[in-house]
Amino acid sequence: MSTSTPPQKTLSRIAANRLQKELSEWQINPPAGFRHRVTDNLQRWIIEVNGAPGTLYSSEQYQLQVDFPENYPMEAPQVIFIQQPPCHPHIYSNGHICLDILYDSWSPAMTVSSICISILSMLSSATQKARPPDNDRYVRNCRNGRSPKETRWWFHDDKV
């Protein structure tokens, strides 16, 4: 499982202020099913994800790694599953997530909480546990720590 990221520059003042605000809001009102694991690194968050009750992922726990670029929120964070990623048609075995809001549809109005809710919604709507059809080829091409943000994603399936 790759947890490497491209070399990161220091967060801008705007990004640091925004993340401090999001972290404060998270501590008061975290999204249901998520827990931020406290570290001393504002630029990398580790978030525990609990599968929603009544779904294929009920009672399962996963971890997200969220890496923030220097110009967040103007640029989307890199979000990947670490450890054992869930088996899902839009989640590759290396933890990369095919979800448009993480790439082409990102908006600076989005927050870590809104990303988490979107990921939980994606997991909850799955009707089967399966890897993407191109999993093996994609993971092979991502060796050497390639970021999912370097991928040209094709968002063609909004049913899962």
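None of the values given here were measured: they were computed from a predicted structure. (Residues numbered from 1 in each chain as written. Predicted model: local features only at pLDDT ≥ 70, side-chain atom pairs only at ≥ 80, totals over all residues. Heavy atoms only, no water.)

A. Representation of the overall build of the protein chain. Counting its regular elements, the protein chain contains three helices and four strands. Secondary structure of the protein chain in N-to-C order comes out as α-β-β-β-β-α-α. The buried share of the protein chain, reckoned over its 160 residues, is 47%. Of all intrachain contacts in the protein chain linking residues separated by at least 6 positions in sequence, the fraction that spans at least 24 positions is 63%. For the protein chain, the exposed surface amounts to about 8700 Å²; the carbon and sulfur share of it is 49%. (Helix = DSSP H or I, 4+ residues; strand = E, 2+ residues; numbered from the N terminus. Buried < 20%, exposed > 50% of the residue type's maximum accessible area, 1.4 Å probe, protein only. Contact = heavy atoms within 4.5 Å. Areas by Shrake-Rupley, 256 points an atom, 1.4 Å probe, with all protein chains shown as cover.)

B. Representation of helix H1 (residues 13–28). For H1, built from 16 residues, the straight-helix expectation of 22 Å at 1.5 Å per residue is met to within 8% by its first-to-last C-alpha distance of 23 Å. The set of residues buried in H1 consists of Ala15, Arg18, Leu19, Glu22, Leu23 and Trp26. All buried residues of H1 project into a common sector of 135 degrees when viewed along the axis, lining one side. Counted as exposed and oriented over 90 degrees from the buried face of H1: Arg13, Ile14, Lys21, Gln27 and Ile28. (Expected span 1.5 Å × (residues − 1). Arc of directions from axis to C-beta.)

C. A look at the nonpolar core. If you look at the biggest cluster of nonpolar residues, it comprises 36 residues, and the most contacted ones within it are Trp45, Ile47, Leu64, Phe81, Ile97 and Ile119. Residue assignment for this core shows that the elements contributing at least two residues are H1, strand S2 (44–50), strand S3 (61–67), strand S4 (78–82) and helix H2 (112–124). Considering every element that reaches this core, the biggest residue donor is H2, with seven residues. Those residues in contact with Ile119 that sit more than four places away from it in its chain are Leu64, Val79, Phe81, Ile97 and Leu99. Counting residues in hydrophobic clusters, the runner-up holds five residues, among them Tyr92, Tyr138, Val139 and Cys142. (Core = buried A, V, L, I, M, F, W, Y, C linked by side-chain atoms within 4.5 Å.)

D. Spatial organisation of H2. Helix length check: H2 (13 residues) gives 18 Å between terminal C-alpha atoms against 18 Å at 1.5 Å per residue, within 8%. For H2, the complete set of buried residues consists of Val112, Ile115, Cys116, Ile119, Leu120, Met122 and Leu123. Buried residues along H2 cover an arc of 155 degrees about the axis, so they all sit on one side. In this structure, the buried residues of H2 make contact with H1, strand S1 (34–37), S2, S3 and S4.

E. Focus on the environment of Leu120. Within the secondary structure, Leu120 sits in helix H2. Between the C-alpha atom of Leu120 and that of Val49, which follows or precedes it by 71 residues, the distance is 8.0 Å. Residues in contact with Leu120, not counting those within four places in the same chain, are Ala32, Phe34, Asn50 and Ala52.

F. View of the sheet that holds S1. Strand order in this open sheet of four strands is S1-S2-S3-S4, and the pairing throughout is antiparallel. Both outer strands of the open sheet, S1 and S4, are each paired with one neighbouring strand and no more. Adjacent strand axes in the sheet meet at a mean angle of 30 degrees when their direction is disregarded. As defined by bridge partners, S2 adjoins S3 across seven bridges and the pair is classed as antiparallel. Bridge pairing in S3 links Glu48 to Gln63. Across the face of the sheet, H1 comes into contact with S1 and S2 while running at roughly 30 degrees to S2. Contacts between H2 and the sheet are confined to S1, S2, S3 and S4, with S2 contributing the most and set at about 35 degrees to the helix. (Pairing = 2+ DSSP bridges. Axes fitted to C-alpha atoms, helices over the stretch in contact; angles between N-to-C directions.)

G. Layout of the packing of aromatic side chains. Taken as a whole and assessed by the stated rule, the structure comprises seven aromatic pairs. Aromatic pair Trp26 and Trp45: ring centres 6.2 Å apart, planes at 85 degrees, arrangement edge-to-face. One end of the pair, Trp26, is in helix H1; the other, Trp45, is in strand S2, with 19 residues separating them in the sequence. With respect to burial, Trp26 and Trp45 carry one shared label: buried. Seen in terms of ring centroids, Tyr92 and Tyr138 are 4.3 Å apart; in terms of plane orientation they differ by 40 degrees. Their pairing is tilted. (Phe/Tyr/Trp six-rings, centres within 6.5 Å; stacked < 30°, edge-to-face > 60°.)

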